Amino acid sequence: MSGSNTYRLRCSLPAHEMDVRGLAVAAYPDGAFVSVSRDRTARVWVPNPSENHVYTEMHCMNGHSNFVSCVCIISPNETYPRGLIATGGHDNNICVFSLDRPDPLFTLKGHKNTVCTLSAGKFGTILSGSWDTTAKVWLGEKCMMTLQGHTAAVWAVVILPEQGLMLSGSADKTIKLWKAGRCENTYTGHEDCVRGLAVINEVEFFSCSNDASIRRWMVTGECVQVYYGHTNYIYSLAVFPNGQDFVSTGEDRTLRVWRKGECSQTIRLPAQSVWCCCILPNGDIAVGASDGIIRVFTESEERVASAQDLQAFEDELSKAIIDPKTGDLGDIKIEDLPGREHLSEPGNRDGQTRLIKEGSNVEAYQWSMSDGRWMKIGDVVGGSSQQNSKRVMYEGKEYDFVFSIDVNEGGPGLKLPYNMTDDPWLTAHNFLQKNDLSPMFLDQVANFIIENTKGHTIGPASATAADPFTGAGRYIPGSGGDNQGFGADPFTGAGRYIPGSGSPGTVPSGGADPFTGGSAYSSLPKATTNIFFPNTDGVMFEQANTTQILGKLRELNNSAPADHKLSDAALDCLEKLLVLVSDLKTQEQPTAEQISVLWRSCHWPEDIVFPVLDILRLAVRHPEVNAQLCGGTEGASLCNHLLGLMSPEGRPANQMLALRTLCNCFTGSHGRALLLGQRDAVLSRAGDLRVVSNKNIHVALATLLLNYAGRLYGQPTEIEAKAQCLSVASTALEVVQDKEAIFRLLVALGTTVAGDNTAKDLARSLGVNSQISKYARVSDPAKVGECCRLVLDNLQ
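Source: prediction; values computed, not measured.

The rules behind each value
Residues numbered from 1 in each chain as written. Predicted model: local features only at pLDDT ≥ 70, side-chain atom pairs only at ≥ 80, totals over all residues. Heavy atoms only, no water. Helix = DSSP H or I, 4+ residues; strand = E, 2+ residues; numbered from the N terminus. Buried < 20%, exposed > 50% of the residue type's maximum accessible area, 1.4 Å probe, protein only. Areas by Shrake-Rupley, 256 points an atom, 1.4 Å probe, with all protein chains shown as cover. Pairing = 2+ DSSP bridges. Axes fitted to C-alpha atoms, helices over the stretch in contact; angles between N-to-C directions. Polar contact = N/O pair within 3.5 Å; in protein donor to acceptor, adjacent residues only side chain to side chain. Phe/Tyr/Trp six-rings, centres within 6.5 Å; stacked < 30°, edge-to-face > 60°. Lys NZ or Arg CZ within 6 Å of the ring centre and 35° of its normal. Salt bridge = Lys/Arg side-chain N within 4 Å of Asp/Glu carboxyl O. Parallel < 35°, antiparallel > 145°, perpendicular 65-115°, else oblique. Left-handed = near helix turned anticlockwise from the far one by under 90°. Contact = heavy atoms within 4.5 Å. Nonpolar A, V, L, I, M, F, W, Y, C, P; charged D, E, K, R; others polar. 1 Å grid on protein atoms, 1.4 Å probe; cavity = no way out; pocket = protein on both sides within 12 Å on 5 of 7 lines; lining within 4 Å. Points joined across faces, edges and corners; volume = space filled by probe spheres on them. pLDDT = per-residue confidence, 0-100. Arc of directions from axis to C-beta. Core = buried A, V, L, I, M, F, W, Y, C linked by side-chain atoms within 4.5 Å. Expected span 1.5 Å × (residues − 1).

Caption draft 1: Local environment of the overall build of the protein chain. Secondary structure summary: the protein chain contains 18 helices and 36 strands in total. Taken over 796 residues, the protein chain has a buried fraction of 57%. Of the roughly 32,700 Å² that the protein chain leaves accessible, carbon and sulfur atoms contribute 47%.

Caption draft 2: Structural detail: the sheet that holds strand β24 (residues 254-259). Strand order in this open sheet of 4 strands is β22-β23-β24-β25, and the pairing throughout is antiparallel. Lying at the two open borders of the sheet, with one neighbouring strand each, are β22 (234-239) and β25 (262-268). Strand after strand, the sheet turns through a mean of 20° between neighbouring axes, direction not considered. Bridge analysis of β24 against β25 gives 6 bridges, and the strand direction is antiparallel. Note that in β25 the partner of R256 across the bridge is T266.

Caption draft 3: Just the side chain of R182, in detail. As for its position among the elements, R182 is in strand β17 (residues 182-187). Engagement of the side chain of R182 in a polar contact is seen with the side chain of T731, the distance being 3.4 Å.

Caption draft 4: Representation of the pairing of β22 within the structure. Most of β22 is tucked away: 6 of the 6 residues are buried. Summarising the sheet, β22 and strand β23 (residues 246-250) pair through 5 bridges and their orientation is antiparallel. The partner of L237 across the bridge, within β23, is S248. Between β22 and β23, which pair antiparallel and follow one another directly, the connecting turn spans 6 residues, one of which, G243, has a positive phi of 75°.

Caption draft 5: Structural detail: the packing of aromatic side chains. Scanning the entire structure with this criterion turns up 16 aromatic pairs. Their ring planes at 10° and their centres at 5.5 Å tell us that F246 and W258 sit as a pair that is stacked. Separated by 12 residues along the polypeptide, F246 in strand β23 and W258 in strand β24 bring together distant segments of the chain. Against the face of W275 rests R21, its NZ or CZ located 3.7 Å from the ring centre. The positively charged end of R195 is found above the aromatic ring belonging to W155, 4.0 Å away from the centroid.

Caption draft 6: Up close: the pairing of β23. The buried fraction of β23 amounts to 5 of the 5 residues, a majority that puts the element mostly inside the structure. With burial as the criterion, each face of β23 is covered, one bearing F246, S248 and G250 and the other bearing V247 and T249. Hairpin geometry of β23 and β24 is characterised by an intervening segment of 3 residues between the two adjacent antiparallel strands and by a positive phi of about 70° at R253.

Caption draft 7: Representation of the sheet that holds strand β12 (residues 135-139) within the structure. With respect to topology, 4 strands assemble into an open sheet ordered β10-β11-β12-β13, the strand pairing being antiparallel. Both edges of this open sheet fall to β10 (115-120) and β13 (142-147), since each of them pairs with a single strand only. Across the sheet, the mean angle from the axis of one strand to that of its neighbour is 25°, orientation sign disregarded. Examined bridge by bridge, β12 and β13 share 5 bridges and lie antiparallel to one another. For V137, the partnering residue across the bridge sits in β13 and is M145.

Caption draft 8: Summary view of the pattern of salt bridges. Under the criterion given, the structure shown has 23 salt bridges. Measuring nitrogen to oxygen at the nearest pair gives 2.5 Å for the salt bridge that ties E314 to R373. Here the residue E314 occupies a position in helix α1 (residues 307-318), and R373 occupies one in strand β32 (residues 373-380), the gap between them amounting to 59 residues. You can call E314 buried: its relative accessible area is 14%. With a shortest N-O distance of 3.1 Å, E786 and R789 are connected by a salt bridge. With E786 and R789 both in helix α18 (residues 782-794) and 3 residues apart, the pair spans about one turn of that helix. Taking the relative accessible area as the measure of exposure, E786 reaches 3% and is therefore buried. Among the ionic contacts, a cluster of salt bridges with common partners joins R10, D284 and R303.

Caption draft 9: Representation of the packing of helix α7 (residues 610-619) against helix α10 (residues 652-665) within the structure. Contact pair α7 / α10: the axes reach a minimum separation of 9 Å and the direction vectors enclose 10°. It follows from the interaxial angle that α7 and α10 lie roughly parallel. Note that α7 runs across α10; the crossing there is left-handed. Here F610, L613, D614, L616 and R617 of α7 come into contact with α10, specifically with A653, N654, L657, R660, T661 and N664. Partitioned by chemical class, the residues of the contact of α7 with α10 number 5 nonpolar, 3 polar and 3 charged.

Caption draft 10: Just empty space enclosed by the protein, in detail. Here the second largest cavity is characterised by a volume of approximately 40 Å³. Its residues placed into classes, the lining of the second largest cavity shows 7 nonpolar, 1 polar and 1 charged.

Caption draft 11: Inspection of the confidence of the model for the protein chain at higher detail. Mean pLDDT over the protein chain: 82, with 84% of residues reaching 70 or higher. Per-element confidence in the protein chain ranges from a low mean pLDDT of 66 for strand β29 (residues 321-322) to a high of 97 for strand β8 (residues 94-97). This model gives residues 457-512 a pLDDT under 50, and the stretch forms 154 contacts once residues within four places in sequence are excluded.

Caption draft 12: Examining helix α2 (residues 424-434) more closely. Considered for burial, the residues of α2 that qualify are P424, W425, T427, A428, F431 and L432. Take α2 and look down its axis: the buried residues cluster within an arc of 160°, on one side only. Every exposed residue of α2 that faces more than 90 degrees away from the buried side is listed here: Q433 and K434. Those residues of α2 that are buried are in contact with β35 (401-405), β36 (414-418) and α3 (442-451). D436 occupies a position one or two residues after α2 and carries a positive phi of about 55°.

Caption draft 13: Here's a closer look at unusual backbone geometry. Each neighbour pair has its own omega, and for F533 with P534 the value is 5°, a cis peptide bond. Among the structural elements, P534 can be located in the loop between α3 and α4 (546-558). Of note, the bond from D780 into P781 is cis; its omega dihedral lies within 30 degrees of zero at 0°. Note that P781 resides in the loop between α17 (768-772) and α18. Of note, the phi angle at K173 is positive, near 80°, even though the residue is not glycine.

Caption draft 14: Quick peek at the nonpolar core. Membership of the largest hydrophobic core comes to 118 residues, with the highest contact counts inside it found for L598, L616, L659, L704, L746, I772 and Y775. Per element, the largest residue contribution to this core is 10 residues, and it comes from helix α13 (residues 695-712).

Caption draft 15: Spatial organisation of the packing of helix α8 (residues 623-630) against helix α9 (residues 632-645). At a minimum axis distance of 5 Å, the contact between α8 and α9 shows a crossing angle of 85°. When the interaxial angle is binned, α8 and α9 end up roughly perpendicular. On α9, the residues touching Q628, L629 and C630 of α8 are G632, E634, G635 and L638.

Caption draft 16: Representation of the environment of R40 within the structure. Residue position: R40 is located in the loop between β3 (33-37) and β4 (41-47). Given the relative accessible area of 29%, R40 is considered partly exposed. Between the C-alpha atom of R40 and that of F67, which follows or precedes it by 27 residues, the distance is 4.8 Å. A polar atom in the side chain of R40 sits 3.0 Å from the backbone oxygen of S65.

Caption draft 17: Representation of α13. Its 18 residues place the ends of α13 26 Å apart at the C-alpha level, agreeing with the 26 Å of an ideal helix rising 1.5 Å per residue. For α13, the N-terminal capping position is held by N694, with its side-chain oxygen 2.8 Å away from the main-chain nitrogen of N696.

Caption draft 18: Broad picture of the side chain of N557. Relative to the helices and strands, N557 is located in helix α4. Assessed through its relative accessible area of 3%, N557 is described here as buried. Among all residues touching N557, those that are not within four sequence positions of it are H564, K565, L566, L571 and W604.

In structure tokens form, the structure reads like this:
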């Protein structure tokens, strides 16, 4: 980008019948871009070498039942070599189009309110943001994960170059960094709604806000620069290829070009809201505005519009009506303004604004550095902001206005009362709801209010309301324990329980079980056999020293409070049950009384319950106990009880044994059905335990993930469940140090992606490859490095 040139109009495209809300550079053909509008369409524009038509509409797409508000381009792949176009709208949907048909290939449904921002990543992933306060990650036709944490509308999202990192900006004034579905950082500094985000490089990004500022951030959290220049809301940003210079647009009717940290050029447009911008491959800038027109600006002398078109643009600009309430010009007192002689003095910077008095009118001029002259940019209405309106009575209350809205031709008008301190969109929403009118009219009614209250004093906005389109104020659509005293197995004294007969798969002759480590495990030849995954048998925690468990149980029972002390008969029941479930080959069946005593005992106080949980951990492997405790309503009660014991504030002993119990529930059909049904809650709570510094907990967490992955293997329709497994495994690998836990997490990852191309694409988009590559060099134990290399091979 040449710093010596200034941008001038290349062309104006009367592209849409309503506001142009989004622009994106198309993947095909070269030089093309896509626009979306409140007229419910998306359109593809291609360069046209003829002089009169610089761009021609190539393709028009329809699929939304309401306004279209955002667009992104999905990169070309083997199936769609021209890429795909994704659009989001006020119908809460995302439509995905190809270039060879006007209707969507498919529609993504899941958001509960307007989809107002989209970003596409590698391998076909889409990140969406919505007024429902969430962001969602999509792959193919499925929602992979929902990012929850913002308390107001998510107005901006972007996928960062480092795989797995995503950003979201919200009307709650914050920006959040997400990795593998979890919030890793929250950036604060903006004083109002965050409206736009733009990537600079792998470690930096820009944000813009309704507070009229642009901020430059490090991904690590530091705000390194704040840019001021706009005088009203800033809606969009686009970064030049040099990664330093950028452009911005906003509610002050301007496109601004920023070079070397300074606003080097201000281009005013004859439209109030300049909603969006994008930088075209040739360095030109396309902007979309509230007048439905797309304007392209260029530095190239060869591409500048004709003198006639430039004059037409300047004439259009000079006829614009400027409302001083936009904040751009401040309070105006006509009597204090100079006359036309004020324009004989040159400006001192590009974009400088001057107001002059022309009779009883006020005119606004802007200094053009390239032309060396003042250009008229409009007439100012409502010269002084100190006007006041008379109050009107309606239904016993005073209002600044009471409008009559004609809904049915020939029918009576509906009354709409309004105070200047009210929020126009909230008022419009309440009006539509009260009169049972379609929410599709929200924009029209709100804009009617705004247009008919211009020039009047606007008081402070209600703290609880905000503009759902500009995000002013705060818009709300819809409304670790430590390991102290528990580093080792409390019963055997070993560093961890040793998994028993649960085989992870076929073991080659002369090899060893990579989970039990039976005999010394040696590195297998790199050649063909993968003994690690997919692991569909599961891994259980079966080893136990029954003598020590019973001894600890009796010891704690003796010192237990009287109301919790078990009778001798109850202790005998537990002892018989433990002996029985320790040897699953016996023909004897547990009695209903034994199972009942076990369940009641599981509710002992948390400081003494752990030996009972160890009996439960062994008992759920028995078919009868599995059926009784995991089936029906009892299953939900068991699951909720174990999740309660796994709270991050709980005791590490109970956390570990609850995890192990869940792992062992996978031995029976009732347990598997229970855990698959409760998967979201179980994995969410289990994932939270990654921060507990206890290797036994980490091994149990990894084993639970492995067992889930085994049950999901061969089920391509369960992509959302696989996405959660990938997310939890990925976040756990960031903190887990124990090599056995790492190994099991790698097996879980390998099993999750095995034979499922969609899951592989998702893993790649989450950055799993780069995250686990460091384990490929681990040689002690050798199984970690070998398994890691096999996972990486699968993800190629």
